[in-house]
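# Descriptive structure summary
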Amino acid sequence: MEQLPGGRRPRLVSSLGLEQRAWEVTLDEERGRLAWRDPRPPRRGDENCFVPTSEIIAVEETELNKKQRNSGKWQKMGKPHAFTVYYVKKARNHRWRCSDVTFWCADEHLCNQWIQALKELLEMQKSRPKQLLVYINPYGGKRQGKRIYEQKVAPLFSLASISTDVVITEHANHAKDNLFEVNINKYDGVVCVGGDGMFSEVMHGLIGRIQKDSGIDQNNPKAPLVQCNIRIGIIPAGSTDCICYSTIGISDPVTSALHIIVGDCQPLDVCSVHHNNTFLKYCVSLLGYGFYGDILKDSEKKRWMGPMRYDYSGFKTFLTHHYYEGTISFQPAKHTLGSPRDKYACRTGCYICKRSEQQLAQQQKQCGLKHEEEEEWKVIKGKFLAINAVNMSCACPRSPKGLSPAAHLADGSADLILVRKCSRFDFLRYLVRHTNQDDQFDFSFVDVHRVKNFQFTSKLSEDNESNVTDMGKKRFGQFCRDHPACCCNIANSTWNCDGETLESSAIEVRVHCQLMKLFARGIEETCKDEGAYSQSSVEQLL
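An account of the accompanying structure is given in this report. (Residues numbered from 1 in each chain as written. Predicted model: local features only at pLDDT ≥ 70, side-chain atom pairs only at ≥ 80, totals over all residues. Heavy atoms only, no water.)

### Re unusual backbone geometry
At Asn93, a residue that is not glycine, the phi angle is positive and equals roughly 55°. Locating Asn93 in the fold gives a position in the loop between β6 (81-90) and β7 (96-105). For His321, which is not glycine, the phi torsion reads 55° and is therefore positive. As for its position among the elements, His321 is in the loop between α10 (308-320) and β15 (324-332). On the basis of relative accessibility, which here comes to 18%, the residue His321 falls in the buried class. (Helix = DSSP H or I, 4+ residues; strand = E, 2+ residues; numbered from the N terminus. Buried < 20%, exposed > 50% of the residue type's maximum accessible area, 1.4 Å probe, protein only.)

Put into structure tokens, the structure is as follows:
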């Protein structure tokens, strides 16, 4: 083992067999990588290979197969000693796979030295989970959750020496209720196998448990919530996997499992939703009123259709073309860098998220919450086809850039998108923009604001508070609900909160910066990524 000057970490360099020839293999702790190269003169097609040590999954002593042993080269030497390194191999479109490479040598001591060095290096990865609590929804999506976990995920956890306690959920809120009972301190993370609904259930249970243990009243909309340091892992197996897609770039069980194994950590903003000082829900992706709320409400009646119900309800809701009157008031997120239209997408190690979180913490330390209450509120009244608040891009396979391409995962803000009343044709143009590269905010009837708090009150709620005789409008609104062909606007829509309906139309929303953490690293940059940026480019723009 080479000793490097200046107290730097040592390197282990050996000539080891790979397949049928010798390769120079280097374990460089200082640079954090395992590399192997062919020492012969370079030939066309030969490549030097390396793996970051942070992406090595496991190392095991291995016996070579009979075909290799019976080859002439093997017969000239004694019993070879071999070990296999399992590592993350990155494929296209942010997909990860578990690959392996087997090295051999004639010296048993050298082989053991390599195994020990690699295992010690893995032990130094303190962010990696050792004990996980796993919740599986066997009914979500196409009812494949249990099979996906047992066939694709469990073998990888076993390979990485991760212990698991598995709970198969039997009814709604099973995972949420269970998280209030278990000893969560014994776990390094909680994993949910299912769709966005299953994630929401686990998130509510975990955040609720932390606030309860900390003595925080969740019904107080201005209460500073305690950050959850226990990470959540998502194994996608549901009808919708928006959160998974927006945080790692793909909805794939194996990729998600590997992000959990290597111990990735991605902080995430969370919105708390209240009505009249009563806590309703937490939200991490979409909080939608109008178009997306109506789709969800209609689709709930058609669960027998499976995932296809969203297409049917979406088409039906588009044809009805209802708009809703109301008042939206919000506080702009002045602490954040950039804007919803600056084209800088949130990526791994996002500079905007780091700087925004630092500025928000400094602002709150200096001024406190009282200053926040005194800050300016902007008020907008109107007729809206859709009101959407997003904490992330909400990207998915059908909308690769999402509802707000430049929304950030952990900057302490939400992008508030207001789509005013317009013609069906114009609204269709707006929806089509979500599927291509064009700017979906480049319409006169669309406004977008980056906010840290907002409130909404429907016209019906305002009228009811001022005049009891307006109950007739409510009854007329009910008539319009029962007869969708009616061209009048319906009095109230429904809020779509991460795929679940909220009963109250009047709500108060607050963004909590980096309240929770995921086993993810954000979407990694690619050379084709238009949203890729450097620290200097962002500072220059701002």
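### Notes on the sheet that holds β6
Pairing is antiparallel in the open sheet, where seven strands are placed in the order β4-β3-β2-β1-β7-β6-β5. Edge positions in the sheet fall to β4 (49-52) and β5 (56-62), since each has one partner strand and no second. Pairs of neighbouring strands in the sheet enclose a mean axial angle of 30°, with direction left out of account. Pairing between strand β2 (residues 21-28) and strand β3 (residues 33-37): five bridges, direction antiparallel. Of the residues in β3, the one forming a bridge with Glu24 is Arg37. Relative to β5, helix α4 (residues 145-159) is tilted by about 70°, and along the sheet it contacts β5, β6 and β7. Strands in contact with helix α8 (residues 253-261) are β5, β6 and β7; relative to β7, the strand with the most contacts, it is inclined by about 60°. (Pairing = 2+ DSSP bridges. Axes fitted to C-alpha atoms, helices over the stretch in contact; angles between N-to-C directions. Contact = heavy atoms within 4.5 Å.)

### So, the nonpolar core
Counting residues in each nonpolar core, the largest one holds 69 residues, and the members touching the most others are Phe199 and Met516. Ranked by residue count, the leading element in this core is helix α6 (residues 196-213), at seven residues. Discounting residues that sit within four places of it in the chain, Phe199 has contacts with Cys192, Ile232, Ile234, Ile243, Val284, Met516 and Leu518. Ile136, Leu159, Ile162 and Ala257 belong to the second largest nonpolar core, which has 27 residues in total. (Core = buried A, V, L, I, M, F, W, Y, C linked by side-chain atoms within 4.5 Å.)

### As for the packing of α4 against α8
Contact pair α4 / α8: the axes reach a minimum separation of 10 Å and the direction vectors enclose 30°. If you check the angle between α4 and α8, you find them roughly parallel. Considering how the two elements wind past one another, α4 and α8 form a crossing that is right-handed. In this structure, α4 uses Ile148, Lys152, Val153, Leu156 and Phe157 to contact α8, whose residues at the interface are Pro253, Val254, Ala257, Leu258, Ile260 and Ile261. Across the contact of α4 with α8, the residue classes tally to 10 nonpolar, no polar and one charged. (Parallel < 35°, antiparallel > 145°, perpendicular 65-115°, else oblique. Left-handed = near helix turned anticlockwise from the far one by under 90°. Nonpolar A, V, L, I, M, F, W, Y, C, P; charged D, E, K, R; others polar.)

### Quick notes on the environment of Gly349
Following the sequence through the fold, Gly349 ends up in the loop between β15 and α11 (351-374). Judged by its relative accessible area of 47%, Gly349 is partly exposed. Once the C-alpha coordinates of Gly349 and Gly522 are considered, the two residues, 173 residues apart in sequence, prove to be 7.5 Å apart.

### Some details on the packing of aromatic side chains
Enumeration according to the criterion identifies 16 aromatic pairs in this entry. Ring plane angle 75° and centroid distance 5.6 Å describe the contact between Trp36 and Phe103, whose orientation is recorded as edge-to-face. In this pair, Trp36 sits in strand β3 while Phe103 sits in strand β7, placing the two residues 67 residues apart along the sequence. In this structure, Trp36 and Phe103 share a single accessibility class: buried. (Phe/Tyr/Trp six-rings, centres within 6.5 Å; stacked < 30°, edge-to-face > 60°.)

### Some points on the state of the cysteines
Counted according to the given criterion, the structure contains zero disulfides. Not engaged in a disulfide, the cysteine Cys192 finds its nearest cysteine sulfur in Cys244; these two sulfurs lie 9.0 Å apart. In this structure Cys513 is not part of a disulfide, and its nearest cysteine sulfur, from Cys353, lies 8.2 Å away. (Disulfide = S-S within 2.5 Å.)

### Examining the packing of helix α9 (residues 291-299) against α10
Between two packed helices, the angle of one axis relative to the other and the distance separating the axes together describe the packing. Close contact between α9 and α10 brings their axes to 8 Å; oriented N to C, the two are set at 125°. With respect to each other, α9 and α10 are oriented oblique. Relative to α10, the crossing made by α9 is right-handed. Where α9 abuts α10, its residues Phe291, Asp294, Ile295, Asp298 and Ser299 lie against Arg309, Tyr310, Tyr312, Ser313, Gly314, Lys316, Thr317 and Phe318. Of the residues in the contact of α9 with α10, the class split is five nonpolar, four polar and four charged.

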